[in-house]
Amino acid sequence: MPKETFIKLKKEKRKQITDAFLREFAVKTYDEASISMVVKQLGIAKGSVYQYFNDKLDLFMYLVNESVAVKTKYTEAVKRENYPDFWAFFSALYEHGFCFDDENPLHSHFLHNLTQNLNSPSIKHLYNELLSQVVTGFEKMVEYEVQKGLFRSDIPVKTQGFFLYKLGLSIQEQLEVSGVINPRESIEKKQPVYFGKKNDLMQVVADYIKLAKPAFDKN
């Protein structure tokens, strides 16, 4: 976590430093990301970064927590009880996720590249820990639907939760592989990941829902 010296910086200074490192980790893996390059761009001494954070990993985890917290403000606004079924809720999460991306492009780019960062050899040990936290969130969604009698109960919650997690990853991967989104290009242009692609995103989400609904819903 950031040291008190970072927290006490002026808001504008904290944002400048945060944005610079969000961008660095969004375009490179953890092991490739260079603190030296970023501080050079910022015009500050490299040593000052270590006055703000214990080390590179401490800085990286701050960016993870910061980005997740910002996105959570959007997703928490989507309440399951306000939707007739899980799939309307699932679609709404992507609607709000698009707003997060549009209004917080650097945080979005950072999260988009998070898996690549976590696959870096020096922090691979964090992958399973963070993945477990994410998957647990999906398991809780599934458990709620099972308890309500809306999702099938003959498949373990853990299996359905992991499948749902992979569903989300597949949507992102398809859009990137098919060229609908190009994160490298959009960050260079200082644009959100899904800039101008909301209709494409929501269409793919709708298609995946058609495929997944029969597999999850209780007959």
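Before reading on, note that the structure itself is shown above.
Remember, predicted model here, so these are calculated numbers, not experimental data.

### Quick look at the environment of Q191
Piece 1. Relative to the elements of secondary structure, Q191 occurs in the loop between helix 11 (183-188) and helix 12 (198-216).
Piece 2. Overall, Q191 belongs to the partly exposed group, its relative accessible area being 22%.
Piece 3. Each C-alpha atom of the pair Q191 and L111 lies 15 Å from the other, and the pair is 80 residues apart in sequence.

### Focus: the pattern of salt bridges
Between side chains of opposite charge, a pair can form as their charged atoms come close.
Piece 1. Here the structure, examined in full by the defined rule, presents 9 salt bridges.
Piece 2. Between E188 and R23 there is a salt bridge, with its nearest N and O atoms 3.1 Å apart. Here the residue E188 occupies a position in helix 11, and R23 occupies one in helix 2 (residues 11-27), the gap between them amounting to 165 residues.
Piece 3. Residue R152 pairs with D154 through a salt bridge whose shortest N-O separation is 2.8 Å.
Piece 4. By relative accessible area, D154 is classed as exposed at 52%.

### Focus on the packing of aromatic side chains
Piece 1. If you walk through the whole model with that rule in mind, you get 22 aromatic pairs.
Piece 2. Ring geometry for F163 versus F216: centroids 5.4 Å apart, planes at 35 degrees, classification tilted. Taken together, the residues F163 in helix 10 (residues 157-177) and F216 in helix 12 connect sequence positions 53 residues apart.
Piece 3. Look at F163 and you get partly exposed, because its relative accessible area is 44%.

### Structural notes on the packing of helix 6 (residues 86-103) against helix 12
To characterise two packed helices, one gives the angle between the axes of the helices and the distance between these axes.
Piece 1. Their axes nearest at 10 Å, the elements helix 6 and helix 12 cross at an angle of 155 degrees. Relative to helix 12, the element helix 6 is oriented roughly antiparallel. Considering only the axes of helix 6 and helix 12, their crossing is right-handed. Of the residues in helix 12, those in contact with W87, F90, S91, Y94, E95 and F98 of helix 6 are K198, L201, M202, V205, I209, A212, K213 and F216.
Piece 2. Of the residues in the contact of helix 6 with helix 12, the class split is 10 nonpolar, 1 polar and 3 charged.

### A look at the layout of surface pockets
Piece 1. Estimated volume of the largest pocket: approximately 1600 Å³.
Piece 2. What lines the largest pocket is a set of 43 residues, among which K71, T75, L111, V134 and F138 lie closest to the centre.
Piece 3. Among the elements of the structure, helix 5 (56-75), helix 6, helix 7 (105-112), helix 8 (114-118), helix 9 (124-147) and helix 10 are those that each provide at least two residues to the lining of the largest pocket.
Piece 4. Considering every element that reaches the lining of the largest pocket, the biggest residue donor is helix 9, with 10 residues.
Piece 5. Grouping the constituent residues of the lining of the largest pocket by class yields 26 nonpolar, 11 polar and 6 charged.
Piece 6. Within this model, the second largest pocket holds a volume of roughly 540 Å³.
Piece 7. In terms of lining, the second largest pocket is formed by 21 residues, of which the most central are K15, T18, D19, A20 and L106.
Piece 8. Counting residues per element, the ones that place at least two in the lining of the second largest pocket are helix 2, helix 5 and helix 7.
Piece 9. Tallying contributions element by element places helix 2 first for the lining of the second largest pocket, with 8 residues.
Piece 10. In terms of residue class, the lining of the second largest pocket is made up of 6 nonpolar, 6 polar and 9 charged.

### A word on the packing of helix 5 against helix 7
Piece 1. Where helix 5 contacts helix 7, the two axes come as close as 10 Å, and the packing angle between them is 115 degrees. Seen along the crossing, helix 5 lies across helix 7 with a hand that is left-handed. Taking contact as the criterion, the partners of F60, L63, V64, E66, S67, V68, V70 and K71 in helix 5 are, on helix 7, H107, F110 and L111.
Piece 2. Classifying every residue of the contact of helix 5 with helix 7 by side-chain character gives 7 nonpolar, 2 polar and 2 charged.

The rules we used
- Within any chain, residue numbers begin from 1 and follow the written order of that chain's sequence.
- Side-chain atom pairs in this predicted model are given and counted only at pLDDT of 80 or more, local residue features only at pLDDT of at least 70, and totals for whole chains, interfaces and linings cover all residues.
- Note that the side-chain values use all heavy atoms of the structure and ignore hydrogens as well as water.
- Strands are runs of DSSP state E lasting at least 2 residues, helices are runs of H or I lasting at least 4, and numbering of each runs from the N terminus.
- Burial status follows relative accessibility: with a 1.4 Å probe on protein chains alone, a residue under 20% of its type maximum counts as buried, one over 50% as exposed, and anything between as partly exposed.
- For this document, the term salt bridge refers to a Lys or Arg side-chain nitrogen within 4 Å of an Asp or Glu carboxyl oxygen.
- Put simply, two rings from Phe, Tyr or Trp (the six-membered ring, in Trp's case) pair if the centres are within 6.5 Å, and we call them stacked under 30 degrees between planes, edge-to-face over 60, tilted for the rest.
- Geometry is summarised by axes, namely lines fitted to C-alpha atoms with helices restricted to the contacting stretch, and by angles between N-to-C directions that run from 0 to 180 degrees.
- Between 65 and 115 degrees an angle is taken as roughly perpendicular, under 35 as roughly parallel, over 145 as roughly antiparallel, and anywhere else as oblique.
- The handedness criterion is simple: a crossing whose near helix is rotated anticlockwise from the far helix by less than a right angle is left-handed, and one whose near helix is rotated clockwise is right-handed.
- Here, two residues are considered to be in contact whenever any of their heavy atoms come within 4.5 Å of each other.
- Under this grouping Gly is polar, as are all residues other than the nonpolar Ala, Val, Leu, Ile, Met, Phe, Trp, Tyr, Cys and Pro and the charged Asp, Glu, Lys and Arg.
- Residues are called lining when one of their atoms sits within 4 Å of a cavity or pocket point, these points coming from a 1 Å grid over the protein atoms alone, where a cavity is a set in which a 1.4 Å probe fits but cannot get out and a pocket is an open set with protein on both sides within 12 Å along at least five of seven lines.
- Grid points are joined across faces, edges and corners, and a volume is the space filled by probe spheres set on the points.

Just geometry here; none of it tells us what the structure is for.
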